[in-house]
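Structure at a glance
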Amino acid sequence: MILVFDTDTDAHIIAVGADSGKIAWKTPRDVINGYSTPIIYHPIRGSAQIIAPGSYQLTAYSIVDGEPLWFVRGLTCQPKSAPTIAGDILYFNGWTPGNDAGQQVELPAFAEVIASADANHDEKLSQIELPQPWQPTGTWRAIDLDRDGFLNEREWTFFRTRRSSRNGLLAVKLGGSGDVTDTHVLWRFEKSLPDVPAPSFTRTWFSSSEAAESRPLWTLRPAGYSSRRV
Ligand SMILES: [Ca+2]
Ligand SMILES: [Ca+2]
C-alpha cells in the first residue's frame, strides 16, 4: 500500500506491506500541502513506478525502494487532481487562484528580501517587516509553513514559487530520468482549467494531443460543481 503525506513540513511517501503492516520504505518529499492522488505506472521495461504530483513538482518513484526516478517542474501549488496516462504520455492539470496566465508576480530571492526588509536583523521575516508589494494575497498562516509567525528561507522560497507558478494542463512523455522538465514536456494548455477534476481519455480528444498539439476540440461549462471522475 502506498501513502503520500503532503504536509507543510516533513512531507513524505511511504510503502506499507499489505500483509505485515510494516513500512517497506519511506522517502521525503520537498513539497508543501497538497491533495493529489498518485497513480502506478508500469513501463515496458523495469519495475513499476509511483507517480505522485505535489506542489510545483510531479515525481516518479521506484515501487521497489522508493528511489526518486524522474520529476517534472512547473506544477501549481496544492494540486488536487490525479494524473492520467494514455500510451506513453502522462497528463496532469492543476489550478490555484492568482496563477492564470498573466497573473504571475516575480518576487526577489530570500537574501535580497532579508537585506532590505529584515529590520530587526534576526534573519527571518515578520508580517510587519514585509513591504506591501511582497505581502501574500491570502493569509500569512498559509505561507508560514511551520506556524512560528515568521518566514524563513524555505517558506519564502515556496511563497515566491507560488506567486510565479502557472496554472496548466501538462502532457509529459514518459521514459525519462532526473529532471525531465526541459526534455519531456510536450505541451502545456493554460486556459479555463479546473482545480479538482482529472483528465479523462477519449481517442478523439487525444488524437490532437499525441501530435504535440494542445488545441481543444470542444468545451463544456457545467456550473458550480467539481469532482473527481467516476
Ligand atoms: Ca526580522
Ligand atoms: Ca515560519
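Numbering of residues starts from 1 in each chain and follows the order in which that chain's sequence is written. Each chain takes a letter, starting from A, and each ligand takes a number, starting from 1, following the order in which they are written. The model is predicted, so local features are restricted to residues of pLDDT at least 70 and side-chain atom pairs to those at 80 or more, both for listing and for counting; the totals for chains, interfaces and linings are taken over all residues.

**As for the sheet that holds strand β8 (residues 84–86)**
Two strands form a pair only when DSSP identifies at least two bridges running between them. The way it works is that DSSP assigns letters per residue, a run of H or I at least four long becomes a helix, a run of E at least two long becomes a strand, and they are numbered from the N terminus. The four strands lie next to each other as β8-β9-β10-β12, forming an open sheet whose pairing is antiparallel. For this open sheet the edge positions go to β8 and β12 (185–189), each flanked by a neighbour on one side alone. On average, each strand axis in the sheet is tilted by 20° relative to the strand beside it, whichever way the strands run. Note: strand β10 (residues 168–173) against β12, four bridges, orientation antiparallel. Directly across from L169, in β12, lies its bridge partner F189. Axis geometry follows a simple rule: fit a line to the C-alpha atoms, using only the stretch in contact for helices, then measure angles between N-to-C directions, giving values from 0 to 180 degrees.

**Considering the sheet that holds strand β5 (residues 49–54)**
The strand order across the open sheet built from five strands is β4-β5-β6-β7-β11, with neighbouring strands paired in mixed fashion. For this open sheet the edge positions go to β4 (39–41) and β11 (178–179), each flanked by a neighbour on one side alone. Relative to β5, β4 is paired through three bridges, and the arrangement is antiparallel. Counterpart to I40 in the pairing with β5 is I50.

**What about unusual backbone geometry?**
Even without being a glycine, Y56 presents a positive backbone phi close to 75°. Mapping Y56 onto the fold places it in the loop between β5 and β6 (57–62). Buried means a residue has 20 or more other C-beta atoms within 10 Å of its own C-beta, exposed means 12 or fewer, and partly exposed covers the counts in between; C-beta atoms are placed from the backbone. Assessed through the 23 C-beta atoms surrounding it within 10 Å, Y56 is described here as buried. The phi dihedral of E123 falls on the positive side, at around 65°, and the residue is not glycine. Positionally, E123 belongs in the loop between α1 (110–117) and α2 (140–143). The exposure class assigned to E123 is exposed, which follows from the 11 C-beta atoms found within 10 Å.

**Examining the pairing of strand β2 (residues 12–16)**
Side-chain alternation along β2 places I13 and A15 on a buried face and H12, I14 and V16 on a face that remains uncovered. Here four bridges tie strand β1 (residues 2–5) to β2, and the two strands are oriented antiparallel to one another. By the bridge assignment, F5 is partnered in β2 with H12. Between β1 and β2, which follow one another and run antiparallel, lie six residues, and D10 among them has a positive phi close to 60°.

**Here we look at the confidence of the model for the protein chain**
For the protein chain, the mean per-residue pLDDT works out to 89, and 87% of the residues sit at or above 70. With pLDDT under 50 throughout, residues 205–211 is counted as low confidence; its partners more than four residues away or in other chains account for 10 contacts. Confidence scores here are pLDDT values: one per residue, from the predictor, ranging 0 to 100. Each residue is represented by a C-beta atom placed from its backbone, and any two residues with such atoms within 7 Å are regarded as in contact.

**As for the nonpolar core**
Formed by 22 residues in total, the largest nonpolar core has its most connected members in I51, A52, L58, V72, Y91 and L170. Secondary structure elements with two or more residues in this core: β5, β6, β7 (68–73), β9 (89–94) and β10. A per-element tally of this core places β10 first, with four residues. With near-sequence residues (within four places) excluded, L58 lies in contact with I51, P53, F71, V72, L75 and F92. The term nonpolar core means buried Ala, Val, Leu, Ile, Met, Phe, Trp, Tyr and Cys residues held together as one set by C-beta atoms within 7 Å.

**Describing helix α3 (residues 153–164)**
By this rule, a helix spans an expected 1.5 Å times one less than how many residues it contains. Given a rise of 1.5 Å per residue, 12 residues ought to cover 16 Å, and the 17 Å separating the end C-alpha atoms of α3 matches this to within 8%. Restricting attention to buried positions, one finds in α3 the residues E155, W156, F159 and R162. For α3, the buried positions fall inside an angular range of 120° around the axis, keeping them on one side. Tucked inside the fold, the buried residues of α3 contact α1 and α2. Picture the helix axis, draw a direction to every C-beta atom, and the arc is the one those directions span.

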